[in-house]
Amino acid sequence: MILILTPNTRSDSSAYQQLMGYLDKLPGIQYRVHEEQGATQLLTEIYLIGSTAGLAMDYMQSLPGVERAVRVSEEYRVLGRHQANDPRPSHFEYNGVRFGQDNLNVFAGLCAVDNREHVEQMMKVLRDNGQVCTRMGAYKPRTNPYAFQGHGKDCLPYVFELAGKYGIKVIAMEITHESHMDEIFEALRQTGDPTGVMLQIGTRNTQNFELLKIVGRQQRFPVLLKRGFGITLDESLNAAEYLASEGNRKVVFGLRGMKTNMGDPHRNLVDFAHVPVVKRLTRMPVCIDPSHSVGTRAAGPDGMLDIAHVVAQGVIAGANMILVDFHPNPASALVDGPQALTLPELPYFLEDVAIAREAYERRLALRQKYPST
Ligand code: PEP
Ligand code: MN
């Protein structure tokens with residue numbers, strides 16, 4: 001059971017003290033307090049763990065300081081959506097950008113940072129097209145140990161400075177080791193915090209539980225957790241719950257396709273039908289990665305890239321974030337050139353996304369017009 005306290009119930013208030021006095025006396029029940037300081041108010045949730053079946057909801061809701069009580073299932077205790085109208089938020093803010101189950105952000109950028117010029121060209125075209133988010137890979141997990149592994153911390157200062165210059169507020173950046181988080185933290189500090197970073201946990205590390213725990217213990221950076229390419233959705237959602245159970249609830253869940261030959265000739269089997277599923281089971285915003293799902297620039301007879309089609313499929317189903325590879329010169333890209341879109345394609349890409357988003361919003365309005373069918 002979760003007790004949601006009236007906003008701004010501080011731990012030194014008498015209501016809070018009385019409530020704690022009561023909870024301390026409940027036999028067989030432990031509790032864990034989670035506080036979230038928002039821009040205007042403090043939100044407190046108390047997780048009751050143990051034999052809560054005998055606790056009457058009405059009574060728990062009448063305790064001092066308690067606004068609502070929610071009975072939770074064992075699954076995805078923190079991030080789960082435990083009832084259709086779960087009162088807990090399904091959005092968060094980071095560096096002035098909202099990430100929610102009700103909006104959409106595009107993260108177009110380099111799969112891997114190769115040089116300063118390409119980073120600058122990318123960020124300039126993003127700025128010119130009204131974008132404030134990007135992807136920039138500095139630490140690249142590669143199948144082949146002799147392949148380029150990313151420039152690591154050496155590229156961070158110019159990536160962050162250029163982000164500041166071009167008004168980029170959030171950079172999605174994969175880390176594969178806890179030391180990378182410290183390097184990012186330090187480079188941001190040294191460059192004067194010109195931008196924000198969303199730490200990305202890649203599909204190869206979805207079940208690296210020690211990494212998840214360490215990343216979950218900090219709340220400075222939000223996290224994009226990619227779905228594991230060869231495990232069930234439930235296992236990947238539990239991986240996200242690891243982050244939240246350690247304290248970091250600013251988690252976006254990323255669909256990036258499943259590894260199976262059944263998806264051929266795509267690189268992975270596109271799994272964007274799970275967008276509404278993840279939104280139903282949890283309160284996480286859902287990201288789609290069409291580049292790593294499809295893996296090529298193949299186009300249909302209508303002239304549209306498969307990548308563009310799957311983006312539309314994900315967005316029309318309510319996706320909240322798009323992580324997509326672009327490169328100024330895909331032929332020279334050190335990682336994943338064959339799936340990269342080019343910079344002149346960005347305005348077209350964004351317009352195409354806007355069409356799909358508008359279609360989703362119209363579908364939503366239609367659904368609300370016929371609420372009971
Ligand atoms: C990436 O986004 O650069 C990446 C490596 O993705 P994934 O972990 O989904 O393969
Ligand atoms: Mn890649």
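Fair warning: this is a prediction, and the values are worked out from it, not measured in the lab.

**Some remarks on the site of ligand 1**
- Residues in close proximity to ligand 1 include Cys111, Arg135, Lys140, Glu174, Gln200, Gly202, Thr203, Arg204, Lys226, Arg256, Asp289 and His292, which together make up its full environment.
- Thr203 is positioned such that a nitrogen or oxygen atom in its backbone is 2.7 Å from an oxygen atom of ligand 1.
- At 3.5 Å from an oxygen atom of ligand 1 is found a side-chain nitrogen or oxygen belonging to His292.
- Taking 290 Å² as the accessible area of ligand 1 by itself, protein coverage stands at 97%.
- Tallied by class, the residues present in the shell around ligand 1 amount to 1 nonpolar, 4 polar and 7 charged.

**Comments concerning the nonpolar core**
- Of all hydrophobic cores here, the largest spans 93 residues; its most connected members are Val159 and Ile184.
- Sequence-distant contacts of Ile184, that is, excluding residues within four places in its chain, are made with Tyr139, Leu156, Phe160, Met173, Ile175, Val197, Leu199 and Phe221.
- Residues Leu3, Ile29, Ile46 and Val66 belong to the second largest nonpolar core, which totals 16 residues.

**Re the packing of helix H3 (residues 116-128) against helix H4 (residues 156-165)**
- The contact between H3 and H4 brings their axes to 10 Å, and the two run at 25 degrees. Taken together, the axes of H3 and H4 lie roughly parallel to each other. Seen from above, H3 lies across H4 with right-handed handedness. On H4, the residues touching Arg116, Val119, Glu120 and Met123 of H3 are Tyr158, Val159, Glu161, Leu162, Ala163 and Lys165.

**Remarks on the coordination of the manganese ion (ligand 2)**
- Looking at the metal site, the manganese ion (ligand 2) is ligated by Cys111 (SG), His292 (NE2) and Asp336 (OD), spaced 1.9 to 2.3 Å from it.
- Expressed as a motif, the donor residue spacing for the manganese ion (ligand 2) is C-x180-H-x43-D. You can see His292 sitting in helix H9 (residues 290-294) and its partner Asp336 sitting in the loop between strand E14 (321-325) and helix H11 (346-369), a full 44 residues away along the chain. There is no split in this pair, since His292 and Asp336 are both buried.

**Quick look at empty space enclosed by the protein**
- This structure, assessed with the given rule, holds 3 cavities of 30 Å³ or more.
- Taken as a whole, the largest cavity holds about 70 Å³ of empty space.
- Together, Leu305, Ile307, Ala308, Leu341, Glu345, Tyr348, Phe349 and Asp352 line the largest cavity.
- Those elements that provide at least two residues to the lining of the largest cavity are helix H10 (306-316) and H11.
- The element best represented in the lining of the largest cavity is H11, accounting for 3 residues.
- Split by residue class, the lining of the largest cavity holds 6 nonpolar, no polar and 2 charged.
- Lining the second largest cavity we find 13 residues, and of these Cys111, Ala112, His327, Ala333 and Val335 sit closest to its centre.

**Remarks on the layout of surface pockets**
- Estimates place the volume of the largest pocket at around 660 Å³.
- Lining the largest pocket are 26 residues, with Glu36, Pro89, His91, Phe92 and Glu93 sitting closest to its centre.
- Secondary structure elements with two or more residues in the lining of the largest pocket: strand E2 (29-37), strand E3 (42-50) and strand E5 (91-94).
- Here the lining of the largest pocket gets 4 residues from one element, more than from any other, and that element is E5.
- Class assignment for the residues of the lining of the largest pocket results in 9 nonpolar, 11 polar and 6 charged.

Rules and cut-offs
- Residues numbered from 1 in each chain as written.
- Chains lettered and ligands numbered in written order.
- Predicted model: local features only at pLDDT ≥ 70, side-chain atom pairs only at ≥ 80, totals over all residues.
- Heavy atoms only, no water.
- Near = heavy atom within 4 Å.
- Polar contact = N/O pair within 3.5 Å; in protein donor to acceptor, adjacent residues only side chain to side chain.
- Areas by Shrake-Rupley, 256 points an atom, 1.4 Å probe, with all protein chains shown as cover.
- Nonpolar A, V, L, I, M, F, W, Y, C, P; charged D, E, K, R; others polar.
- Core = buried A, V, L, I, M, F, W, Y, C linked by side-chain atoms within 4.5 Å.
- Buried < 20%, exposed > 50% of the residue type's maximum accessible area, 1.4 Å probe, protein only.
- Contact = heavy atoms within 4.5 Å.
- Axes fitted to C-alpha atoms, helices over the stretch in contact; angles between N-to-C directions.
- Helix = DSSP H or I, 4+ residues; strand = E, 2+ residues; numbered from the N terminus.
- Parallel < 35°, antiparallel > 145°, perpendicular 65-115°, else oblique.
- Left-handed = near helix turned anticlockwise from the far one by under 90°.
- Donors = N, O, S within 2.8 Å, 3.2 Å for Na, K, Ca; no water.
- 1 Å grid on protein atoms, 1.4 Å probe; cavity = no way out; pocket = protein on both sides within 12 Å on 5 of 7 lines; lining within 4 Å.
- Points joined across faces, edges and corners; volume = space filled by probe spheres on them.

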